[in-house]
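Summary of the model geometry
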Amino acid sequence: MTDSRANPTSQCPYCGVGCGLELLPPGEAGKSVKRDADGNPMWAARGDRQHPSSLGQVCIKGATVGETLARGRLSQPLYRPTLNDDFQPISWDSAFDLLTGRIRSTLAGKGPNAIAMYGSGQFHTEDYYLAQKLLKGALGTNNFDANSRLCMSSAVAGYTRSLGSDGPPCCYEDLDHCSVAFLIGTNTAECHPVLFQRLLKRKKRDPKGLTIVVVDPRTTDTAKIADHHLAIAPGTDLALLHGLARLVIQDNGFDSDFIDAATEGFASYTQTINAWTPGKTAKFCGITEQDLRAVGRLWSRKEGVLSLWSMGVNQRREGTAVVSGLINLHLLTGEIGKPGAGPFSLTGQPNAMGGREAGGLAHLLPGYRLVTNPEHRAEVEQAWGFAKNSIAATPGLSAWQQVEAMEQGKLDLWWVAATNPLVSMPDLERVKNAMQRCPLVVVSEAYADTETSHYAHLLLPAAQWSEKAGAMTNSERRVTYCPSFRPLHGESRPDWEVFAELGRRLGFTEQFSYKSSAEVYAEFTTLTEGRVCDVSGLSHGLLQAHGSQQWPFPKGHEPTRISKRLYVGKRFPTASGRARFQSEAPLGLAEPPCDVYPLVLTVGRYLGQWHTMTRTGMVQRLNDMHPEPRLEMHPEDAKAYGLDDNGLAAITSRRGTLTARVTLTDRIRRGSVFLPMHWGFTQAEACEANTLMHEQSCPISKQPELKASAVVVAPAVSVMKPAEQQTGRLESLRRLLIPALR
Ligand code: SF4
């Protein structure tokens, strides 16, 4: 099939569902030209019916993306020597001179590890790939990490430990084939809406053929359609999984043929789960034994069990153990590598998957390689044309470790690209303070007024998704070509081009001489040959001609729309070819409730906003859906703390206090409260939820436990603004940025 449609098609740049979009130019087909609030003509978007991942479906965020392309853009490089100075426009040439000078002096002084980059699942794969080549190859530091660390790194670590490699083994068609959908730690209805609608339609079509289980402390919109909702106490998910496994064994519901032929570690696993009797598990998790047993029977008796998870599992200090605990259940029942079955992580960002393929975390190299593996380093050094031992042998600083390094004065240059950590990181005041200690904070951004921009010295205008060509991979391993369909805004440039030019200016002319992103992609694909994530047969040309393709797609592979699964042959990429049971005792929350902070605050997302509102905050229709952040609280808890519906609450954790209006609802269990994470200090309704969250992380994945911290609530007399607003500092910084907004 050749794609010859007149309008450009692309992948939605928001969540990891990665829906196909068709982009309609302003005034398309004789319609009047619609304009955004600044008078810019607007593109429109609708679902691409030919995209196999979404089949023409799209949610309100994807449908309104055209309204976010032109407003509030950063037009030119801006620089200020200190955070107390005004930003001044500078040329790209001066910006590169500044960067090369500071990189050279840092390398000569403190060495390569005083430089770090914090990138993003918003990058195209080409941006990701060249960032690795620049940092890990040319500069000799593995200090590249991405916001995927806050989002998916527990899934990466869990897959790798249990199955031998990263890479979700399932595909979206499994939603049409499964008999049980086991959703744990995922509010799919709001965070991955198009997949949720697919599941809902299946349920309506075939109510008896599909049983939906939702494990979530909140009665989310996802939980409302569940046949079984296990509203477990926060932090008890691993115990639940162990308890379910014990029931499966007790019920003779395990697949001994699969266990014998394809796994290892079963004996030790059975010892671990043996402690989790139904009575103990139900009590620990705060659910009834009857509900636990009902779900256990589903795992024992049904074929086609598909589990889906996202941040509720990953953002935990035992995130990797919980991911492995879930995979254990699939290994126990042989529910993997066949239609309608398998452990399926849903990525939060549009190209977090592509980032993992390109080596975009501090411990990775392209092609799912590891920096700690000498053979992997040698392969990449040779492919990149760098001398032996150019790549450091130890993992670089993870996201939070980069913050700690700034705090300790160890980083001289922190480069943030395509992400907004001053909303998404935990313990935000600590991050702000750390950034003020870093001599040069560089922010590559498409938009002028993000929270992180307020703490930058050098702002580099980045080409936005619609203005640069590249590839993105969605949660089901499908790679979509994303074309440039609008001209560059002002002096903005694609990130990959900036990394390539910097590489050349640092003297690596040969290694960074690319004429197009297609050339960058072609080089990247050669590094995946023979790996689990083999895309060596893909190119920009093939993706343009034949539409999106799933990997593995080795050289010589024919384009196809048929969905693929991994591990259909029951062989796994481990040394023994067997998947591994992992046996870990549950730890619970890193910061459990106590007498002083008796409630558990969990943060999450609203359907109409995406992450830090840099883009979705510009769409009036989306803002109208959720005019302000609300604290969800159980009526009994509210009564105990003297709070009323719509009243103002002060929410205090060990890290700070903020205020929000209260919504009383029994959709949240007693003892827990909920806040959305979207609103940063640049929003009129500022409510920096992550200010309250702690940074304690999973020791394996290094992913912080953003899902739970201990808080206390009390009635508030007035709205508390972020610290910058109290001092006037925010307004003064904003004034400095105003010219850039024009
Ligand atoms: Fe975009 Fe995700 Fe909505 Fe699909 S579900 S349109 S990828 S935000």
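1. Digging into the overall build of the protein
- Within the protein one finds 26 helices and 28 strands.
- A compact globule built from 742 residues would reach a C-alpha radius of gyration of about 27 Å, and the protein, at 25 Å, matches this within 12%.
- By principal-axis analysis of the C-alpha atoms, the protein measures approximately 70 × 65 × 60 Å.
- Across the 742 residues in the protein, those meeting the buried criterion constitute 65%.
- Considering only contacts in the protein between residues 6 or more positions apart, those separated by 24 or more positions represent 74%.
- Per element, the accessible surface of the protein, about 24,700 Å² overall, is 50% carbon and sulfur.

2. Digging into the packing of helix H11 (residues 278-285) against helix H12 (residues 289-301)
- Viewed as axis vectors pointing N to C, H11 and H12 meet at an angle of 115°, and their least axial separation amounts to 9 Å. One element, H11, and the other, H12, form an angle in the roughly perpendicular class. As for how H11 packs across H12, the hand of that crossing is right-handed. Taking contact as the criterion, the partners of Pro278, Gly279, Thr281 and Ala282 in H11 are, on H12, Glu289, Leu292 and Arg293.

3. Brief notes about the side chain of Thr141
- With respect to the helices, strands and loops of the structure, Thr141 is situated in the loop between helix H3 (125-139) and strand E7 (144-146).
- Side-chain polar atoms of Thr141 contact the backbone nitrogen of Asn143, separated by 3.0 Å.
- Excluding its chain neighbours within four sequence positions, the residues that come into contact with Thr141 are Pro112, Asn113, Ile115, Leu135 and Lys136.

4. Remarks on the domain arrangement of the protein
- Split by domain assignment, the protein resolves into domain 1 (9-68), domain 2 (78-151 + 350-550), domain 3 (153-347) and domain 4 (599-728).
- Counting residues at the interface gives 12 residues for domain 1 and 10 residues for domain 3.
- Buried surface at the junction of domain 1 and domain 3, both sides included, amounts to about 800 Å², of which 61% is carbon and sulfur.
- Taken together, domain 1 and domain 3 are joined by zero salt bridges.
- When the residues that make up the side of domain 1 that touches domain 3 are grouped by side-chain class, the tally is seven nonpolar, four polar and one charged.

5. Points about the packing of helix H8 (residues 237-250) against H11
- As a packed pair, H8 and H11 sit with axes 9 Å apart at the nearest point and diverge in direction by 155°. On the basis of their axis angle, the class for H8 and H11 is roughly antiparallel. Taken as a pair, H8 and H11 cross one another with a handedness that is left-handed. Taking contact as the criterion, the partners of Ala239, Leu240, Gly243, Arg246, Leu247 and Gln250 in H8 are, on H11, Pro278, Thr281, Phe284 and Cys285.
- Each residue belonging to the contact of H8 with H11 can be placed in one class, and the counts come to six nonpolar, three polar and one charged.

6. Looking at helix H19 (residues 428-435)
- For H19, the complete set of buried residues consists of Leu428, Val431, Lys432, Ala434 and Met435. Down the axis, H19 shows its buried residues gathered within 165° of arc, on one side only.

7. Quick notes on the packing of aromatic side chains
- Following the criterion strictly, the structure yields 25 aromatic pairs and no others.
- Between Tyr128 and Phe144, the aromatic rings sit 6.2 Å apart at their centres with planes inclined by 65°, giving edge-to-face as the arrangement. Pair noted here: Tyr128 is in helix H3 and Phe144 is in strand E7, with a separation of 16 residues, a long-range link. Phe144 matches Tyr128 in its accessibility class, with the two residues each being buried.
- Here the aromatic rings of Phe182 and Trp299 are separated by 5.2 Å at their centres, their planes lie at 75°, and the arrangement is edge-to-face.

8. Thoughts on the sheet that holds strand E5 (residues 88-89)
- Taken in spatial order, the seven strands make up an open sheet running E5-E4-E18-E17-E16-E6-E7, and their pairing is mixed. Either end of the sheet is taken by a strand with one partner, and the two such strands are E5 and E7.
- Note that strand E4 (residues 78-79) and strand E18 (residues 458-461) share two bridges and pair antiparallel. When the bridges of E18 are listed, Leu78 appears paired with Leu459.
- Packed onto the sheet, H3 meets strand E6 (115-119) and E7 and runs at close to 155° relative to E7.
- Its contacts with the sheet place helix H17 (residues 399-407) against E6, E7 and strand E16 (413-417), and it is angled at close to 140° to E6.

9. Topic: unusual backbone geometry
- Cis geometry is found at the peptide bond from Trp551 to Pro552, where omega equals 5°.
- Within the secondary structure, Pro552 sits in the loop between strand E21 (549-550) and strand E22 (579-580).
- We note that Ala418 has phi near 60°; this positive angle belongs to a residue other than glycine.
- By the secondary structure assignment, Ala418 is in the loop between E16 and helix H18 (421-424).
- For Met613, which is not glycine, the phi torsion reads 65° and is therefore positive.
- With respect to the helices and strands, Met613 occurs in the loop between strand E23 (599-604) and helix H23 (620-625).
- For Met613, a relative accessible area of 3% gives the class buried.

10. Section: the sheet that holds strand E19 (residues 470-473)
- An order of E19-E20-E21 is seen for the three strands of this open sheet, with the pairing classed as antiparallel. Two strands in the sheet have a free side with no partner beyond their single neighbour: E19 and E21.
- By the bridge criterion, four bridges tie E19 to strand E20 (residues 478-482) in an arrangement that is antiparallel. The residue bridging Ala471 from the neighbouring strand is Tyr481, located in E20.

11. Let's talk about the environment of Asn623
- With respect to the helices, strands and loops of the structure, Asn623 is situated in helix H23.
- Judged by relative accessible area, which is 18%, Asn623 ranks as buried.
- Taking the C-alpha atoms as reference, Asn623 lies 39 Å from Ala239; in sequence the two are 384 residues apart.

12. Things to note about the pattern of salt bridges
- Summed over the entire model, instances satisfying the criterion amount to 44 salt bridges.
- Here the residues in one salt-bridge network are Asp93, Asp97, Arg493, Glu497, Glu501 and Arg505, joined through shared partners.

13. Some words on the nonpolar core
- If you look at the biggest cluster of nonpolar residues, it comprises 111 residues, and the most contacted ones within it are Phe182 and Trp415.
- Other than its neighbours up to four places away in sequence, Phe182 contacts Val213, Val215, Leu241, Leu244, Val295, Trp299, Leu306, Ser307, Leu308 and Leu326.
- Counting 56 residues, the second largest nonpolar core, distinct from the first, contains Leu78, Tyr118, Leu422 and Cys687.

14. Overview of the pairing of strand E24 (residues 630-633)
- Taking every second residue as pointing to the same face, both faces of E24 are buried, with Arg630 and Glu632 on one and Leu631 and Met633 on the other.
- Note that E24 and strand E26 (residues 656-664) share four bridges and pair parallel. Across the sheet, Leu631 pairs through a bridge with Val662, a residue of E26.
- As paired elements, E24 and strand E27 (residues 672-676) share two bridges and run antiparallel to each other. Along E27, the bridge assignment pairs Met633 with Val673.

What counts, and at which threshold
Residues numbered from 1 in each chain as written. Predicted model: local features only at pLDDT ≥ 70, side-chain atom pairs only at ≥ 80, totals over all residues. Heavy atoms only, no water. Helix = DSSP H or I, 4+ residues; strand = E, 2+ residues; numbered from the N terminus. Rg over C-alpha atoms; globule rule 2.2 N^0.38 Å. Buried < 20%, exposed > 50% of the residue type's maximum accessible area, 1.4 Å probe, protein only. Contact = heavy atoms within 4.5 Å. Areas by Shrake-Rupley, 256 points an atom, 1.4 Å probe, with all protein chains shown as cover. Axes fitted to C-alpha atoms, helices over the stretch in contact; angles between N-to-C directions. Parallel < 35°, antiparallel > 145°, perpendicular 65-115°, else oblique. Left-handed = near helix turned anticlockwise from the far one by under 90°. Polar contact = N/O pair within 3.5 Å; in protein donor to acceptor, adjacent residues only side chain to side chain. Domains from an automatic or database assignment. Buried area = accessible area lost by both parts, 1.4 Å probe. Salt bridge = Lys/Arg side-chain N within 4 Å of Asp/Glu carboxyl O. Nonpolar A, V, L, I, M, F, W, Y, C, P; charged D, E, K, R; others polar. Arc of directions from axis to C-beta. Phe/Tyr/Trp six-rings, centres within 6.5 Å; stacked < 30°, edge-to-face > 60°. Pairing = 2+ DSSP bridges. Core = buried A, V, L, I, M, F, W, Y, C linked by side-chain atoms within 4.5 Å.

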